[in-house]
Amino acid sequence: MDSSRTFDAIVVGLGSMGSATLYHLARRGQRVLGLEQFDVPNALGSSVGVNRIIRLAYAEHPDYVPLLVRAYELWRELETLSRERLLVITGGLDVGRENEETVRGSLLSCQVHHLVHELLDAGTVQRRFPGYQLPHEMVAVYQPDGGFLMSERCVVAHTVAALDLGAEIHGRERAISWSANGAGVRVTTESGTYEAGSLVVTAGPWVGELVAELAPLAIPERQVLLWTQPRRPEFFRTQAFPVFTMQAPEGRFYGFPVFGVPGFKIGKYHHRRQTVRLDAIDRACHLEDETVLREGLRRYFPDADGPTLAMKVCLFTNTSDEHFILDRHPDHPQVAIAAGFSGHGFKFCSVVGEIMADLVLEGATRHKIDPFRLARL
Ligand SMILES: Cc1cc2nc3c(=O)[nH]c(=O)nc-3n(C[C@H](O)[C@H](O)[C@H](O)COP(=O)(O)OP(=O)(O)OC[C@H]3O[C@@H](n4cnc5c(N)ncnc54)[C@H](O)[C@@H]3O)c2cc1C
């Protein structure tokens, strides 16, 4: 390898956000280098576990909806480019008590952005989607555009599309540090030094190792997913079962119909609230992990409460307000950062790639990213 090589832009971290960013930079004619510490793709970051929910009725804040509209558009474009089905529409339910955050937030986004939706009582949910057995005090916002992305395939599709456009990718090469180099940057890895006009850091849970200011602001947390064999498989097919997020007394669950791999998939936000040290991540799955998820399964989806098929560990990277960080570095405008996705970022990575390309090439973006500025934290 050359001891020092020059590119227009470098992207560090080729998980969900980095692969999308690499593609968007390459699409704009940039000579780009992507650096990934593990394999490309890998199962050690935040996009493992087959699929991820995408929903328009965004309970977290109505500001996310315009970004989602663009994200859907870009996902469809990527499907065309890759000739692969990446986005599966099932409809989505946001479930909880009517006065609680999930239902209120979802309704608010629907109202502000005039999204087609229905507010369903527990009985109606069960009649229409018999996999759900909700207590009478729960309601659900049904929004027909909800569904899921084949997340692991999306990372591959973005990566292949970037390679097809001439991007260079170095897997198994960890970036150790970077520094400003005049108006550009110099990145040092385990095996070389590279120079470029700009840098995008999309290092997921590891972001604090590359941008010290983010270490206390973007905190990695261990999560676990569970796949079970449904007792009534017909209730959990894609045509019969919309994806969901659910605010329950036991915590906030989310889940998917059976697709791609065997089993009904369920997870719980902030699972066992285990923040992790990156050099000591427990990647094994334990009985305690399963118990947390079985609790929701038994109570709300008893017909999916069959034998365990699989479990997987994955990482969230949380900010204190659980909103994203999409910004330029405070001291180095040639460096952009996408981080702190707090367990709900995947659906956005198509548009985040576009935003990162905007920030390093234009210095600004037409997308509204004020709520995601670093300074707020
Ligand atoms: C269990 C679980 C369920 C989720 N469910 C959903 C969902 O349903 N819907 C949704 O929208 N979102 C969901 N999310 C969140 C979503 O998956 C994440 O927000 C998103 O994947 C974050 O992507 P990222 O690119 O920031 O991180 P990652 O995908 O982890 O990528 C970071 C990459 O950077 C690399 N890297 C780090 N440091 C270096 C370095 N120094 N040098 C080189 N490479 C480096 C890493 O190896 C890694 O490959 C979920 C997350 C989890 C864990």
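Preceding block: the structure.
A short tour of the structure in this document, coming up. These figures come from a predicted structure and were not determined experimentally. Going along each chain's sequence as written, the residues are numbered from 1 onward. Where totals are concerned, whole chains, interfaces and linings use all residues; where local detail is concerned, this predicted model gives features only for residues with pLDDT of at least 70, and gives and counts side-chain atom pairs only at 80 or more. The side-chain quantities take in all heavy atoms of the structure and omit both hydrogens and water.

**Some thoughts on the overall build of the protein**
Okay, so step 1: Each helix is a run of H or I in the DSSP string that is no shorter than four residues. Each strand is a run of E no shorter than two, and both are numbered from the N terminus. In terms of helices and strands, the protein carries 8 helices and 20 strands.
Okay, so step 2: The globule rule puts the C-alpha radius of gyration for 377 residues at 21 Å, and the 20 Å found for the protein is close to it.
Okay, so step 3: In terms of principal-axis extent, the alpha carbons of the protein reach across some 65 × 45 × 40 Å.
Okay, so step 4: Classification of residues uses two cut-offs on accessible area relative to the type maximum, computed with a 1.4 Å probe and protein chains only: under 20% is buried, over 50% is exposed, and between them is partly exposed. Scored against the burial criterion, the 377 residues of the protein give a buried share of 59%.
Okay, so step 5: Put simply, 73% of the contacts in the protein that link residues at least 6 apart link residues at least 24 apart.
Okay, so step 6: Total accessible area on the protein stands at roughly 14,800 Å², and carbon and sulfur atoms take up 50% of it.
Okay, so step 7: The convention is simple: Lys and Arg are positive, Asp and Glu are negative, and His and the chain ends are not counted. A single reference atom marks each charge: NZ on Lys, CZ on Arg, CG on Asp, CD on Glu. Between the centroid of the 39 positive side chains of the protein and the centroid of its 45 negative side chains there is a distance of 3 Å. Both definitions apply: the radius of gyration is a C-alpha atom measure, and the globule rule equals 2.2 Å times residues to the power 0.38. Any two residues whose heavy atoms approach within 4.5 Å at even a single point are treated as in contact. Here the Shrake-Rupley method, with its probe set to 1.4 Å, supplies the accessible areas, and only the displayed protein chains count as covering residues.

**Considerations on the site of the ligand**
Okay, so step 1: It suffices for a single heavy atom of a residue to lie within 4 Å of a molecule or strand for the residue to be listed as near it. Around the ligand lies a shell of 37 residues, among which Ser16, Glu36, Ile53, Cys314 and Lys347 are the nearest.
Okay, so step 2: Under the rule applied, a polar contact is a pair of N or O atoms within 3.5 Å (in protein, one hydrogen donor and one hydrogen acceptor; residues adjacent in sequence only if both atoms are side-chain atoms). Contact distances for the ligand include 2.9 Å between an oxygen atom and a backbone N or O atom of methionine 17.
Okay, so step 3: The contact in question runs from a nitrogen atom of the ligand to an N or O atom on the backbone of alanine 175, over 2.9 Å.
Okay, so step 4: Protein coverage of the free-state accessible area of the ligand, which is 1,000 Å², stands at 97%.
Okay, so step 5: Looking at the shell around the ligand, the elements with two or more residues in it are α1 (16-27), β3 (52-54), β13 (219-228) and β18 (308-318).
Okay, so step 6: Amino acids outside the nonpolar list (Ala, Val, Leu, Ile, Met, Phe, Trp, Tyr, Cys, Pro) and the charged list (Asp, Glu, Lys, Arg) are all regarded as polar, and Gly is one of them. Considered class by class, the residues forming the shell around the ligand number 18 nonpolar, 14 polar and 5 charged.

**Focus: the sheet that holds β3**
Okay, so step 1: Here a strand pair is declared whenever DSSP counts at least two bridges between the two strands. As summarised here, the arrangement of the 3 strands in space is β3-β8-β4, forming an open sheet in which the pairing is antiparallel. Unpaired on one side and paired on the other, β3 and β4 (87-89) mark the two borders of the sheet. Strand-to-strand twist of the sheet, defined as the mean angle between neighbouring strand axes without regard to direction, takes the value 30 degrees.
Okay, so step 2: As judged from the 3 bridges shared by β4 and strand β8 (residues 147-149), these two strands associate in the antiparallel manner. Within β8, the residue paired with isoleucine 89 across the bridge is glycine 147.
Okay, so step 3: Helix-sheet contacts for helix α2 (residues 64-82) involve β3, β4 and β8, and the interaxial angle to β4 is about 120 degrees. Axis angles are defined between N-to-C directions and span 0 to 180 degrees, where every axis is a line fitted to C-alpha atoms and, for a helix, only to the segment in contact.

**Considering unusual backbone geometry**
Okay, so step 1: For the peptide bond that leads from valine 40 to proline 41, omega is -5 degrees, which places it in the cis range.
Okay, so step 2: With a phi close to 50 degrees, arginine 83 is a non-glycine residue in the positive phi region.
Okay, so step 3: Of note, arginine 83 is situated in the loop between α2 and β4.
Okay, so step 4: Despite not being glycine, arginine 172 has its phi angle at roughly 55 degrees, a positive value.
Okay, so step 5: Tracing the sequence through the fold places arginine 172 in the loop between β9 (168-170) and β10 (175-181).

**Brief notes about the nonpolar core**
Okay, so step 1: By size, the foremost hydrophobic cluster in this structure holds 57 residues, and its most contacted members are Trp75, Leu326, Phe348 and Met356.
Okay, so step 2: When residues in this core are grouped by element, the largest group, 9 residues, is from α2.
Okay, so step 3: The contact partners of leucine 326, leaving out residues within four places of it in the chain, are Ile337, Ala338, Phe341, Val352, Ile355, Met356, Ile369, Phe372 and Arg373.
Okay, so step 4: The definition of a nonpolar core used throughout is a set of buried Ala, Val, Leu, Ile, Met, Phe, Trp, Tyr and Cys residues joined through side-chain atoms within 4.5 Å. Membership of the second largest hydrophobic core comes to 30 residues, among which are Leu93, Leu120, Met138 and Ile266.

**Remarks on α1**
Okay, so step 1: One fewer than the residue count of a helix, multiplied by 1.5 Å, yields its expected span. Here α1 spans 17 Å end to end across 12 residues, near enough to the 16 Å set by a 1.5 Å rise per residue.
Okay, so step 2: Along α1, the residues that are buried comprise Ser16, Met17, Gly18, Ser19, Ala20, Thr21, Leu22, Tyr23, His24, Leu25 and Ala26.
Okay, so step 3: A positive backbone phi angle near 85 degrees is found at glycine 29, which sits one or two residues after α1.

**Section: the side chain of aspartate 303**
Okay, so step 1: As for its placement among the helices and strands, aspartate 303 is situated in the loop between α7 (287-300) and β18.
Okay, so step 2: For the buried aspartate 303, which has no salt bridge, the nearest side chain bearing the opposite charge is arginine 232, at an N-O separation of 5.2 Å.
Okay, so step 3: With sequence-adjacent residues up to four places away left out, aspartate 303 is seen in contact with Pro130, Gln133, Pro230, Arg231, Arg232, Phe235 and Phe236. Here, a salt bridge means any Lys or Arg side-chain nitrogen found within 4 Å of an Asp or Glu carboxyl oxygen.

**Quick look at the packing of α2 against helix α5 (residues 151-164)**
A packed helix pair is summarised by two numbers, namely the angle formed by the two axes and the spacing between the axes.
Okay, so step 1: Packing of α2 against α5 leaves a shortest axis separation of 10 Å and a crossing angle of 65 degrees. The pairing of α2 with α5 is recorded here as roughly perpendicular in orientation. Judged by the twist between their axes, the crossing of α2 over α5 is left-handed. Contacts between α2 and α5 pair Trp75, Leu78, Leu81 and Ser82 from the former with Cys154, Ala157, His158 and Ala161 from the latter. By the definition adopted for this analysis, an angle is roughly parallel if under 35 degrees, roughly antiparallel if over 145, roughly perpendicular if from 65 to 115, and oblique otherwise. Whether a crossing is left-handed or right-handed is set by the direction in which the near helix is turned from the far one by less than a right angle, anticlockwise for left-handed and clockwise for right-handed.

**Description of the packing of α1 against α2**
Okay, so step 1: As a packed pair, α1 and α2 sit with axes 13 Å apart at the nearest point and diverge in direction by 75 degrees. With respect to α2, the axis of α1 lies roughly perpendicular. Contact residues: α1 offers Tyr23, His24 and Arg27, while α2 offers Arg70, Leu74, Glu77 and Leu81.

**Considerations on the pairing of β13**
Okay, so step 1: β13 sits mainly inside the fold: 9 of its 10 residues count as buried.
Okay, so step 2: Relative to β18, β13 is paired through 10 bridges, and the arrangement is antiparallel. Each residue of the ladder has a partner; that of leucine 226, found in β18, is methionine 311.
Okay, so step 3: Across 2 bridges, the pairing between β13 and strand β17 (residues 274-275) is antiparallel. If you follow arginine 222 over to β17, its bridge partner there is glutamine 274.
Okay, so step 4: For β13 and strand β16 (residues 264-268), the ladder comprises 4 bridges, and the chain directions are antiparallel. Across the sheet, the residue bridging to tryptophan 227 is lysine 265, located in β16.

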